[in-house]
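# Structural description and commentary
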Amino acid sequence: MQNFTLKQLRYVEAAGRLGSIASAACELSISQSSITAAIEALEVGLGYDLFIRTPSKGIRPTPQGTQSLVLIRRFLQQARNFQTEIQSVAGTARGTLRIACYVTAAPSFLPIILRSVTERFPGLSITVLEGSLSAIVDFVNEGEADLAFTYDIFKDAKHRFYPLFSPPPFAIVSNDDPIANAGKTSLAELSERPLVMLDLPGARDYYNDMFQRAGLDPEIAHTTRSSEILRALVAGGFGVAMLNIRPLDYREAESGYRIVPILDGAPATPFGIAIGNTTGVPKMIRAFIENCLELSRDGAFDHLVVS
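Small disclaimer: the values here were computed from a predicted structure and weren't measured. (Residues numbered from 1 in each chain as written. Predicted model: local features only at pLDDT ≥ 70, side-chain atom pairs only at ≥ 80, totals over all residues. Heavy atoms only, no water.)

### A word on the pairing of strand β3 (residues 95-102)
The buried count for β3 comes to seven of eight residues, which makes it a mostly enclosed element. Pairing of β3 with strand β4 (residues 124-131), which is carried by eight bridges, proceeds in the parallel orientation. Looking across to β4, one finds that Ile99 is bridged to Val128. As judged from the three bridges shared by β3 and strand β5 (residues 147-151), these two strands associate in the parallel manner. By the bridge assignment for β5, Ala100 is matched with Ala148. (Buried < 20%, exposed > 50% of the residue type's maximum accessible area, 1.4 Å probe, protein only. Helix = DSSP H or I, 4+ residues; strand = E, 2+ residues; numbered from the N terminus. Pairing = 2+ DSSP bridges.)

Structure representation (structure tokens):
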């Protein structure tokens, strides 16, 4: 079997991940012919097809291609780890760190972390991947991300988890709702109002389970995959909603809605960092995690918790 270059493997991985030679070429800023040549060279060397080509529909991996892509991503991850380790020999964390973040939580806590990391490790570059609670686990397991910011209960069983803060669920109500003046609420009180549900994998079941355990069946009036739209619907008087992490831009007198604790809601769920590779963690990743834990110890995330 012939030898393959890292460049060829990166081209093939991008094509498989994106399901399109054109999209891979665009992401990597190279020609489509270079992607095609890399795929063909790998297929010839391996002796089997990696992808099924469908005109106007892109490409999809064959069964052998699916298994090969897992191995390619694992190898590319090891190559990235080697690169960052050797760049950090002088003692300073350097390289590119790919972090996956739960999409509704990222705007609240990520600026705090990125500001600190940028000041402390100027040689560190960050790539952010956003997704649902299930998607970011896949990012880590498939080697697309080095670590993920998620809730403890949604991490993969084989992941190591570093808790940063523990936010219980809270209610969001419009300013003219009596709950806003009361400053607190209950699941029973919320179930009497139309509910605006965050319709993301994992999140919807989490909030539905809270009501079901209490023997309640609220009316779901609206659903959205955006926490920003969710808050806008509440501010517009279309219902009440629930989240766990306080928005970074929340101002009680200016936001058009009010955040109040739920007295009988679910227990606080630890939110933090999940990593898949628990052995031989590169210095860059160790430094990043320790910086996040230091921020946690200093109370940098305390204002994101509604108690």
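That shown, we press on.
### Overview of empty space enclosed by the protein
Taken as a whole, this structure holds one cavity of 30 Å³ or more when the rule is applied. Considering the residues around the largest cavity, the lining is formed by 16 residues, among which Tyr102, Thr104, Tyr151, Tyr207 and Asn244 are closest to the centre. Examining the composition of the lining of the largest cavity, we find that three residues originate from one element, helix α9 (residues 203-213), more than from any other. Within the lining of the largest cavity, the residues separate by chemical class into twelve nonpolar, four polar and no charged. (1 Å grid on protein atoms, 1.4 Å probe; cavity = no way out; pocket = protein on both sides within 12 Å on 5 of 7 lines; lining within 4 Å. Points joined across faces, edges and corners; volume = space filled by probe spheres on them. Nonpolar A, V, L, I, M, F, W, Y, C, P; charged D, E, K, R; others polar.)

### Comments concerning the nonpolar core
Membership of the largest hydrophobic core comes to 72 residues, with the highest contact counts inside it found for Phe109, Leu147, Phe149 and Phe288. Residues contacting Phe288, with those up to four places away along its chain left out, are Leu97, Ile99, Ile113, Val117, Leu124, Ile126, Leu147 and Phe149. Ile21, Ala25, Ala38 and Leu69 belong to the second-largest nonpolar core, a separate cluster that totals 18 residues. (Core = buried A, V, L, I, M, F, W, Y, C linked by side-chain atoms within 4.5 Å. Contact = heavy atoms within 4.5 Å.)

### Quick notes on the sheet that holds strand β10 (residues 241-243)
Spatially, the three strands line up as an open sheet ordered β10-β7-β11, and their pairing is antiparallel. Where the open sheet ends on each side, the last strands, each with one partner, are β10 and β11 (257-261). Each neighbouring strand pair of the sheet contributes to a mean axis angle of 35°, computed without reference to strand direction. Note: strand β7 (residues 170-174) against β11, five bridges, orientation antiparallel. Residue pairing across strands places Phe170 opposite Pro261, the latter belonging to β11. Against the sheet, helix α10 (residues 227-235) contacts β7, β10 and β11, and its axis sits at roughly 50° relative to β7. (Axes fitted to C-alpha atoms, helices over the stretch in contact; angles between N-to-C directions.)

### So, the sheet that holds β5
Pairing is mixed across the open sheet formed by five strands, whose spatial order is β4-β3-β5-β12-β6. In this open sheet, the two edge strands, each paired with only one partner strand, are β4 and β6 (160-165). With direction set aside, neighbouring strand axes in the sheet form an average angle of 25°. Pairing analysis gives five bridges linking β6 to strand β12 (residues 271-275), with the strands arranged antiparallel. Directly across from Tyr162, in β12, lies its bridge partner Ile273.

### Brief notes about the packing of helix α1 (residues 6-18) against helix α3 (residues 32-46)
For the pair α1 and α3, interaxial distance at closest approach is 9 Å and the crossing angle is 105°. As summarised for this structure, α1 and α3 are arranged roughly perpendicular, according to the angle between their axes. Side by side, α1 and α3 meet where Gln8, Leu9, Tyr11, Val12 and Ala15 of the first sit next to Ser34, Ile35, Ala38, Ile39, Ala41 and Leu42 of the second. Looking at the contact of α1 with α3 residue by residue, the classes come out as nine nonpolar, two polar and no charged. (Parallel < 35°, antiparallel > 145°, perpendicular 65-115°, else oblique.)

### Considerations on the packing of helix α2 (residues 21-28) against α3
Taken N-terminus to C-terminus, the directions of α2 and α3 make an angle of 115°; their axes are 8 Å apart at the nearest point. By the angle between their directions, the pair α2 and α3 is classed as roughly perpendicular. In this structure, α2 crosses over α3, and the sense of that crossing is right-handed. Taken together, the residues of α3 that come into contact with α2 (itself represented by Ile21, Ala22, Ala24, Ala25 and Leu28) are Gln32, Ile35, Thr36 and Ile39. In terms of residue class, the contact of α2 with α3 is built from seven nonpolar, two polar and no charged. (Left-handed = near helix turned anticlockwise from the far one by under 90°.)

Any link to function would need more than the numbers given here.
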